[in-house]
Amino acid sequence: MTQETQWVHTLASLGRGDLARAGGKAANLGELLRAGLPVPPGFAVLTAAYECFVESNGLRAEIERHLGAGPLDAAERAAAAVRAAFAMGRLPREVEDAILRGYRALGGGAVAVRSSATAEDLPEASFAGQYESFLAVRGEPAVLAAVRSCWSSFFTARAVAYRARHGIDARSVRLAVVVQAMVPATVSGVLFTVDPVTGDPGRCVIEATWGLGEVLVGGQVTPDAYTVNKSSGRIERAVIGDKRIQV
């Protein structure tokens, strides 16, 4: 079991009340665990760890320059500079130790490392695919590097543009990271709890593909699609997609 610290908390200890320190993804995963659903074990690297990393490496000024970069070409150059600075930055020892304790508690095997922003997985802005995710990460150096890369993905040009479209001030958003044990999936998918085409709340839609879901969410395959009646559990429509790529 991961020791709870100001830097790291297990997913099982989190809930919606922890949005500000653990981000939307981690908070929602905690709620799913509380509901008894089979969520892979993991932990959140809290927003305090991100803030500690930024301050200890003197990155605040670089970030401010990026946020005020202006035109797209300038924003892309600034984004590359910020990401390079994050890659070179050193994790404070206490943050590094907390992350590694969490990773060892998961058995030290393959993990998924994913962003969890405080303005993510929200009703008005999902941020789906805007920040980085890293799958099948193995080994302590790789896990630490993936955490830094998740943090730096907050400053990609696409993420900046997405926040601008939704009127979200980057200065009001903080970033956490989820580290979870990898599931060697034979099949994976996405569940829409309301029909995304018709808006019918009485039906859900499941899209699925072979292997890991990376190719599905990345739009590289046309998945199978199942429309399910929530009341009866009956599949009302099934369309088999062209799933030529598997991860």
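One can find the structure itself at the top, above this paragraph.
Everything numeric in this text was worked out from a predicted model, so none of it was measured.

Participant: Explain the pattern of salt bridges residue by residue, including any values.
Facilitator: With the rule as written, the count across this model stands at ten salt bridges. Between Arg-104 and Glu-140 there is a salt bridge; the shortest N-O distance is 2.7 Å. Of this pair, Arg-104 sits in helix H5 (residues 93–105) while Glu-140 is found in helix H6 (residues 140–152), placing the two residues 36 residues apart along the sequence. Residue Glu-140 is classed as partly exposed on the basis of its relative accessible area, which comes to 27%. A salt bridge links Arg-234 to Glu-236; the shortest N-O distance between them is 3.9 Å. Glu-236 sits in the partly exposed class, given a relative accessible area of 29%.

Participant: Which residues make up the sheet that holds strand E5 (residues 175–181), and what values do they have?
Facilitator: The five strands are arranged E1-E2-E5-E3-E4 in an open sheet whose pairing can be described as antiparallel. Each edge of the open sheet carries a strand with a single partner, namely strand E1 (8–10) and strand E4 (133–137). Between one strand axis and the next, the sheet turns by 20 degrees as a mean value, whatever way the strands run. Bridging between strand E3 (residues 111–117) and E4 involves three bridges; their strand directions are antiparallel. Opposite Arg-114, over in E4, you have Ser-133 as the bridge partner.

Participant: Explain the packing of H5 against H6 residue by residue, including any values.
Facilitator: Relative to each other, H5 and H6 sit at 120 degrees, their axes nearing to 10 Å. Regarding the angle of H5 to H6, the classification is oblique. Taken as a pair, H5 and H6 cross one another with a handedness that is right-handed. Residues Glu-96, Ile-99, Leu-100, Tyr-103 and Arg-104 of H5 pack against Glu-140, Val-143, Leu-144 and Val-147 of H6. By residue class, the composition of the contact of H5 with H6 is six nonpolar, no polar and three charged.

Participant: Can you tell me about the packing of aromatic side chains, naming the residues and giving the values?
Facilitator: Scanning the model with the defined rule gives four aromatic pairs in all. With a centroid separation of 5.4 Å and 45 degrees between ring planes, the pair formed by Phe-53 and Phe-86 is classed as tilted. With a gap of 33 residues between them, Phe-53 in helix H2 (residues 47–56) and Phe-86 in helix H4 (residues 72–88) connect regions that are remote in the sequence. A relative accessible area of 1% means that Phe-86 is categorised as buried. Their ring planes at 40 degrees and their centres at 5.0 Å tell us that Phe-53 and Trp-151 sit as a pair that is tilted. Of this pair, Phe-53 sits in helix H2 while Trp-151 sits in helix H6, placing them 98 residues apart in sequence. Take Phe-53: its relative accessible area is 0%, and that puts it in the buried class. In textbook terms, an aromatic cluster arises when at least three aromatic residues are bridged by ring pairs, as seen for Tyr-50, Phe-53, Phe-86 and Trp-151.

Participant: Could you give me a rundown of the sheet that holds strand E8 (residues 224–229), with the residues and numbers involved?
Facilitator: Read across the open sheet, the four strands follow the order E6-E7-E8-E9; overall the sheet is antiparallel. The open sheet has two free edges, formed respectively by strand E6 (187–192) and strand E9 (235–239), since each of these has just one partner strand. Between one strand and the next, the sheet's axes are offset by a mean angle of 20 degrees, whatever the strand orientation. Inspection of the sheet shows E6 paired to strand E7 (residues 203–210) by six bridges, in the antiparallel sense. In the sheet register, Ser-188 faces E7, and the bridge partner there is Thr-209.

Participant: Explain H5 residue by residue, including any values.
Facilitator: An α-helical segment advances 3.6 residues per turn. Residues three or four places apart therefore align on the same side. Its 13 residues place the ends of H5 18 Å apart at the C-alpha level, agreeing with the 18 Å of an ideal helix rising 1.5 Å per residue. Three or more residues of H5 are buried, namely Val-95, Ala-98, Ile-99, Leu-100, Gly-102 and Tyr-103. Buried residues belonging to H5 abut E1, strand E2 (42–45), H2, E3, E4 and H6. Once H5 ends, the next one or two residues include Gly-107, with phi positive near 100 degrees.

Participant: Could you give an account of the environment of Ala-44, with specific residues and numbers?
Facilitator: Note that Ala-44 resides in strand E2. Judged by relative accessible area, Ala-44 falls into the buried class, the value being 0%. Each C-alpha atom, one on Ala-44 and one on Val-8, is 5.6 Å from the other, the two residues being 36 residues apart in sequence. Residues in contact with Ala-44, not counting those within four places in the same chain, are Trp-7, Val-8, His-9, Leu-11, Leu-14, Ala-26 and Val-177.

Each value, and the rule that gives it
Counting of residues starts from 1 at the beginning of each chain's written sequence and follows it residue by residue. Selection of residues for local features in this predicted model requires a pLDDT of at least 70, selection of side-chain atom pairs for listing and counting requires 80 or more, and totals for whole chains, interfaces and linings are taken over all residues. Side-chain metrics rest on all non-hydrogen atoms present in the structure, leaving aside hydrogens and water. Basic side-chain nitrogens of Lys or Arg form a salt bridge, by our definition, when they fall within 4 Å of a carboxyl oxygen of Asp or Glu. Only DSSP runs of H or I covering at least 4 residues are called helices, and only runs of E covering at least 2 are called strands; the numbering of each starts at the N terminus. Think of it in three bands: with a 1.4 Å probe and only protein chains considered, a residue is buried below 20% of the maximum accessible area for its type, exposed above 50%, and partly exposed in between. The pairing criterion is simple: DSSP has to find at least two bridges between the two strands. Every axis in this analysis is a line fitted to C-alpha atoms, fitted for helices over the stretch in contact. Angles between the N-to-C directions lie between 0 and 180 degrees. An angle counts as roughly parallel when it lies under 35 degrees, as roughly antiparallel when it exceeds 145, as roughly perpendicular when it falls between 65 and 115, and as oblique in every other case. It is the rotation of the near helix from the far one that decides the hand of a crossing: anticlockwise by less than a right angle makes it left-handed, clockwise makes it right-handed. Contacts are residue-level and defined by heavy atoms, with any inter-residue pair within 4.5 Å sufficient. Under this grouping Gly is polar, as are all residues other than the nonpolar Ala, Val, Leu, Ile, Met, Phe, Trp, Tyr, Cys and Pro and the charged Asp, Glu, Lys and Arg. Any two of the Phe, Tyr and Trp rings considered here, Trp counted by its six-membered ring, make a pair once their centres fall within 6.5 Å; the pair's planes then place it as stacked at under 30 degrees, edge-to-face at over 60, or tilted in between. The span expected for a helix works out to 1.5 Å for each residue beyond the first.

Geometric values such as these leave the question of function open.
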